[in-house]
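Here's the letter readout for the chains.
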Amino acid sequence: MPTTTFSITTPDGQADAFAAFPDGGERYPGVLMYPDVFGVRPVIERMAGELAGHGYYVLVPNLFYRNGPAPVVELPEHISAENRPAIFERLLPLVQEHTTDRVLRDADAYLTFLTGRPEVAEGPVAVTGYCMGAALAMRTATAHPDKVAAVAGFHPGFIVTDAPDSPHRLVSQLNAEVHLGLAEGDLTPEAIAELDQALAAAGVEHTTEVYPGTTHGFTMADTDALHAEGLSRHWERLLALLDRTVAAKG
């Protein structure tokens, strides 16, 4: 599976990124993939490659490019329950600095780059994200309803908050089908109900599903949270969503 690295110009600098895509010389539906808080690393590269193998051009940016190229903090080969808190402590300031304004400036640059690639088919694209990347995917889709036809988020963080601009409060701006695959405990039953109510009231076609037996981070093979059945279900749901939306229109 071919991969290419890029430097994407944003209003705040140069974002390092990579893309995975089929080796067919054709044009493929575009997917913008936001990684989890641990960022671009081998497991994310493998997941992008697997998705590309199904016929998509997958662009993955370094969310924290303002702090340096990926990985912005040193990561072990395996993120365990023991070393995770120390890693997250180093990343937390970067998460806090990644404001909504930054997210939206970056999203515009990423989508402009993705839709301008010669390998990407005309028409709408999809956005998917993991952990905090799920909230970024939602913000990207609500800010660009003319470009985004599908949103997928897995073990999402920061989807339902008390903030006035919480992603769940903006869903009326969506023009995309949404699937959110939650780990057990990601959201309270009350928060899930609030999210579903907001999506339904906005007329957004969506599924919000708690994946049985999973914990936060269940798709990531380099962490203790990996759940094989949850990861498999994630691929089933994601590929079906893309097939209904961008693949049919690419």
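Residue numbers run consecutively from 1 along every chain, following the written order of its sequence. Note on the predicted model: pLDDT of at least 70 is required for a residue's local features to be given, and 80 or more for side-chain atom pairs to be given and counted; whole-chain, interface and lining totals, by contrast, use all residues. Heavy atoms throughout the structure, all of them, feed into the side-chain values; hydrogens and water do not.

**A closer look at the overall build of the chain**
Okay, so step 1: When you go through the chain residue by residue, the secondary structure sums to seven helices and eight strands.
Okay, so step 2: As a reference, a globule follows 2.2 Å times the number of residues to the power 0.38, and the radius of gyration itself is taken over C-alpha atoms. On C-alpha atoms alone, the chain measures out to a radius of gyration of 17 Å, which is about the 18 Å that the 2.2 N^0.38 rule sets for 250 residues.
Okay, so step 3: Considered along the principal axes of its C-alpha atoms, the chain spans approximately 45 × 45 × 35 Å.
Okay, so step 4: Exposure is judged per residue with a 1.4 Å probe applied to protein chains only, and the accessible area is read against the type maximum: over 50% gives exposed, under 20% gives buried, and values in between give partly exposed. Counting all 250 residues of the chain, 53% fall into the buried class.
Okay, so step 5: Note on contacts: a residue pair is in contact if any heavy atoms of the two residues lie within 4.5 Å. Relative to all contacts within the chain whose residues are 6 or more apart in sequence, the contacts with residues 24 or more apart total 74%.
Okay, so step 6: Surface accessibility in these figures is a Shrake-Rupley result with a 1.4 Å probe; residues are shielded only by whichever protein chains are displayed. Accessible area of the chain: about 10600 Å², with a carbon and sulfur share of 51%.
Okay, so step 7: Only four residue types enter the charge count, namely Lys and Arg as positive and Asp and Glu as negative; His and the chain termini do not. Charge placement uses NZ in Lys and CZ in Arg. For Asp and Glu, CG and CD serve respectively. Taking the 16 positively charged and 33 negatively charged side chains of the chain as two groups, their mean positions are separated by 4 Å. Per the convention used, a helix needs a DSSP run of H or I reaching at least four residues, while a strand needs a run of E reaching at least two, with both numbered from the N terminus.

**A few points about the pairing of strand S3 (residues 30-34)**
Okay, so step 1: In terms of residue burial, S3 counts as a mostly covered element, since five of its five residues are buried.
Okay, so step 2: Neither face of S3 is open: one carries Gly30, Leu32 and Tyr34, the other Val31 and Met33, and all of them are buried.
Okay, so step 3: Look down the strands so they point away from you; if going from the first strand over the helix to the second traces a clockwise path, that crossover is right-handed. Regarding the hand of the β-α-β motif, the stretch spanning S3, helix H1 (residues 42-52) and strand S4 (residues 57-61) is right-handed.
Okay, so step 4: Across four bridges, the pairing between S3 and strand S5 (residues 125-130) is parallel. Counted as the bridge partner of valine 31 is alanine 126 from S5. Note on pairing: two strands pair once DSSP finds at least 2 bridges between them.

**As for the UniProt feature "domain: Dienelactone hydrolase" (unreviewed entry) in the chain**
Okay, so step 1: The sites that UniProt annotates as "domain: Dienelactone hydrolase" (unreviewed entry) are residues 16-244.
Okay, so step 2: Regarding residues 16-244, the helix share stands at 37% and the strand share at 18%, and the terminal C-alpha atoms are separated by 30 Å. UniProt positions are given in the numbering used here, feature names are shortened, and annotations may be inferred rather than shown by experiment.

**Quick notes on empty space enclosed by the protein**
Remark: the empty space left among the atoms is shown by a probe the size of a water molecule rolled over them.
Okay, so step 1: Think of a 1 Å grid over the protein atoms and nothing else: a 1.4 Å probe that fits but is trapped marks a cavity, an open set flanked by protein within 12 Å on at least five of seven lines marks a pocket, and residues with an atom within 4 Å of a point count as lining. Grid points are joined across faces, edges and corners, and a volume is the space filled by probe spheres set on the points. Counting across every chain of the model gives four cavities of 30 Å³ or more.
Okay, so step 2: Considered as a void within the structure, the largest cavity measures approximately 60 Å³ in volume.
Okay, so step 3: Taken together, Val37, Phe38, Gly39, Val40, Asn62, Phe64, Ala70, Pro71, Val72, Val73 and Leu91 make up the lining of the largest cavity.
Okay, so step 4: Amino acids outside the nonpolar list (Ala, Val, Leu, Ile, Met, Phe, Trp, Tyr, Cys, Pro) and the charged list (Asp, Glu, Lys, Arg) are all regarded as polar, and Gly is one of them. When grouped by side-chain class, the residues that make up the lining of the largest cavity number nine nonpolar, two polar and no charged.

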